[in-house]
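Geometric and topological summary
So the chains spell out like this:
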Amino acid sequence: MEEKLHTFLQSGLLERYLVGDTSIAENLEVEYQIDNHSEIENAYIKLQNNLEILAKANAVEAPLGVLNRVLETTKKTTKFIAMPQQKTPWYSIAASLAAFAFATLSIYLYQKNQALNNENNIVVDEIYDLRGDIDKNNSKLDALAFQLQKLNNPDSKKYVLNGNDRAKDLKTVAYINPVDKTSMIDVVSLPKLPENQYYQLRAELEDKMVSLGYLEDYQRTLKPIPYMEDALALSIVIQNKNGESTSEENNEVAEISLKK
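What you see as residue numbers is a count from 1 along each chain, following the sequence as written. Totals for whole chains, interfaces and linings use all residues, but because this is a predicted model, local features are given only for residues with pLDDT of at least 70 and pairs of side-chain atoms are given and counted only at 80 or more. Excluded from the side-chain calculations are hydrogens and water; all other atoms, namely the structure's heavy atoms, are used.

**Side note on the nonpolar core**
To keep things clear, this is the line we draw: Residues belong to one nonpolar core when they are buried, are Ala, Val, Leu, Ile, Met, Phe, Trp, Tyr or Cys, and are joined through side-chain atoms within 4.5 Å. Categorising residues by exposure relies on relative accessible area from a 1.4 Å probe, with only protein chains included: less than 20% of the type maximum marks a residue as buried, more than 50% marks it as exposed, and the intermediate range marks it as partly exposed. Any two residues whose heavy atoms approach within 4.5 Å are treated as being in contact.
Counting 23 residues, the largest nonpolar core has Tyr 199, Leu 234 and Ile 236 as the members making the most contacts within it. Those residues in contact with Tyr 199 that sit more than four places away from it in its chain are Ala 167, Leu 170, Leu 190, Pro 191, Leu 193, Gly 213, Tyr 214, Leu 215, Ile 236, Val 237, Ile 238 and Val 253.

**Looking at the side chain of Ser 235**
Cut-off, in case you're wondering: Secondary structure elements follow DSSP: runs of H or I of four or more residues count as helices, runs of E of two or more count as strands, with numbering from the N terminus.
Topologically, Ser 235 is positioned in strand S7 (residues 233–240). Classification of Ser 235 as buried rests on a relative accessible area of 2%. For Ser 235, the contacting residues outside a window of four places in its chain are Leu 161, Gln 200, Leu 201, Arg 202, Met 209, Glu 252, Ala 254 and Glu 255.

**Quick word on helix H3 (residues 24–36)**
Applied cut-off: By this rule, a helix spans an expected 1.5 Å times one less than how many residues it contains. Starting at the helix axis, one direction is taken to each C-beta atom, and the arc is that of these directions.
Between its terminal C-alpha atoms H3 stretches 18 Å, which fits the 18 Å expected from 13 residues at 1.5 Å a residue. Within H3 the residues assigned to the buried category are Asn 27, Val 30, Glu 31, Gln 33 and Ile 34. Seen end-on, H3 carries its buried residues on one side only, within an arc spanning 160°.

**Some points on a nonpolar patch on the surface**
How we decide: What makes a patch is a set of residues exposed beyond 30% relative accessible area and free of salt bridges, joined within 9 Å when like-charged and within 5 Å when nonpolar (Val, Leu, Ile, Met, Phe, Trp, Tyr). Shrake-Rupley sampling with a 1.4 Å probe provides the accessible areas, and residues are treated as covered by the protein chains on show and by no other component. The term salt bridge refers to a pairing of a side-chain nitrogen on Lys or Arg with a carboxyl oxygen on Asp or Glu at a separation within 4 Å.
Together, Leu 105, Tyr 108 and Leu 109 give the surface a local cluster of nonpolar side chains, amounting to about 310 Å² of exposed area. Inspection of the secondary structure assignment puts Leu 109 in helix H6 (residues 90–152). For Leu 109, a relative accessible area of 48% translates into the label partly exposed.

**Overview of the packing of aromatic side chains**
The line we're drawing: Pairing of aromatic rings covers Phe, Tyr and the six-membered ring of Trp, with a centre-to-centre limit of 6.5 Å; geometry is then stacked below 30 degrees between planes, edge-to-face above 60, and tilted otherwise.
Following the criterion strictly, the structure yields two aromatic pairs and no others. Taken together, a centroid distance of 6.3 Å and an interplanar angle of 80° make the contact between Tyr 198 and Tyr 214 edge-to-face. Here Tyr 198 is found in strand S4 (residues 197–204), whereas its partner Tyr 214 is found in strand S5 (residues 209–215), with 16 residues between them in sequence. On the basis of relative accessibility, which here comes to 25%, the residue Tyr 198 falls in the partly exposed class. Owing to a relative accessible area of 49%, Tyr 214 belongs among the partly exposed residues under this scheme.

**Considering the sheet that holds strand S1 (residues 157–162)**
Strand-to-strand pairing in sheets goes through backbone hydrogen bonds, with the strands running parallel or antiparallel. Convention followed: The pairing criterion for strands is at least two bridges between them, as found by DSSP. Every angle, taken between N-to-C directions, lies between 0 and 180 degrees, and every axis is a line fitted to C-alpha atoms, over only the stretch in contact when it is a helix.
Overall, antiparallel pairing links the four strands, which are arranged S1-S2-S3-S6 in an open sheet. Where the open sheet ends on each side, the last strands, each with one partner, are S1 and strand S6 (223–225). Between one strand axis and the next, the sheet turns through 30° on average, direction left out of account. Pairing of S1 with strand S2 (residues 171–177), which is carried by six bridges, proceeds in the antiparallel orientation. Along S2, the bridge assignment pairs Lys 158 with Tyr 175.

**Brief notes about the pairing of S2**
With six of its seven residues buried, S2 lies for the most part within the structure. Direction of pairing for S2 relative to strand S3 (residues 182–189): antiparallel, over a ladder of seven bridges. Across the sheet, the residue bridging to Ile 176 is Ser 183, located in S3. Between the end of S2 and the start of S3, which pair antiparallel, lie four residues, with Lys 181 showing a positive phi angle near 55°.

**Examining the sheet that holds S5**
The antiparallel open sheet is built from four strands, whose spatial order is S5-S4-S7-S8. This sheet does not close on itself; its edge strands, each paired only once, are S5 and strand S8 (252–257). Sheet twist, expressed as the average angle between the axes of neighbouring strands with direction ignored, equals 25°. Pairing between S4 and S7: eight bridges, direction antiparallel. In the strand pairing of S7, Tyr 199 is matched with Ile 238.

**Some details on the environment of Asn 162**
Within the secondary structure, Asn 162 is located in strand S1. Residue Asn 162 is classed as partly exposed on the basis of its relative accessible area of 47%. Along the chain, Asn 162 and Ile 236 lie 74 residues apart, while their C-alpha atoms are 9.6 Å from each other. Not counting residues within four places of it along the chain, the set of residues in contact with Asn 162 comprises Leu 170, Lys 171, Val 253 and Ala 254.

**A look at the pattern of salt bridges**
This structure, assessed with the given rule, holds two salt bridges. In this structure, the salt-bridge partner of Glu 26 is Arg 16, at a minimum N-O distance of 3.3 Å. Separated by 10 residues along the polypeptide, Glu 26 in helix H3 and Arg 16 in helix H2 (residues 13–18) bring together distant segments of the chain. Taking relative accessible area as the criterion, Arg 16 reaches 30% and is therefore assigned partly exposed.

As structure tokens, then:
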């Protein structure tokens, strides 16, 4: 070990480090030796003191007027004087590099975590949307199953109302079950009317006509209608929205008897 220290001291590297004539790698080597070997540290301190002594011993008093000329020159041209490098411990550099690497890694992980959180939120929203769609579809399927059950019930009777010359394309199907006392209607096709008119479904009783509501294009969806116990017939008429009365003979577009 002493031989290595002697070789290092004889290499002149310490002197060149003191005057700033070394590379980064040489700086790290010199600083490591100074931090870990007291002999090298003492030699470095001694060199610093000797440099200071030499500087003072070789100092020459400047002639009169030189200072003024120097000040004038420095106003025109700025020169940079290389100063002896200050010792930077190697572990300080290593710590700085480690801190920089840790900060970079932290930023990267934070960004990845944010991206994953955003993706997770999107997936959660999509799952909720799918659940909502599934619930809606299940409701539609339940309603369809209920309708099919009603249609397939042997007690249900089917009545088809076809339009007359005033509404040739009109076709409506009524399903009436006198056992469970339910009625449904399927609007197959419904010719368009002026905005001030609408189609009305009516039930004919023995002594009067009863409105069962107005008809719309239900897009082939079965709709429940009121059940009339003693209805003799079903009919569809055209009515005015403004309340103006129309001739009973001219406004009827479809009719079917319920008594067979």
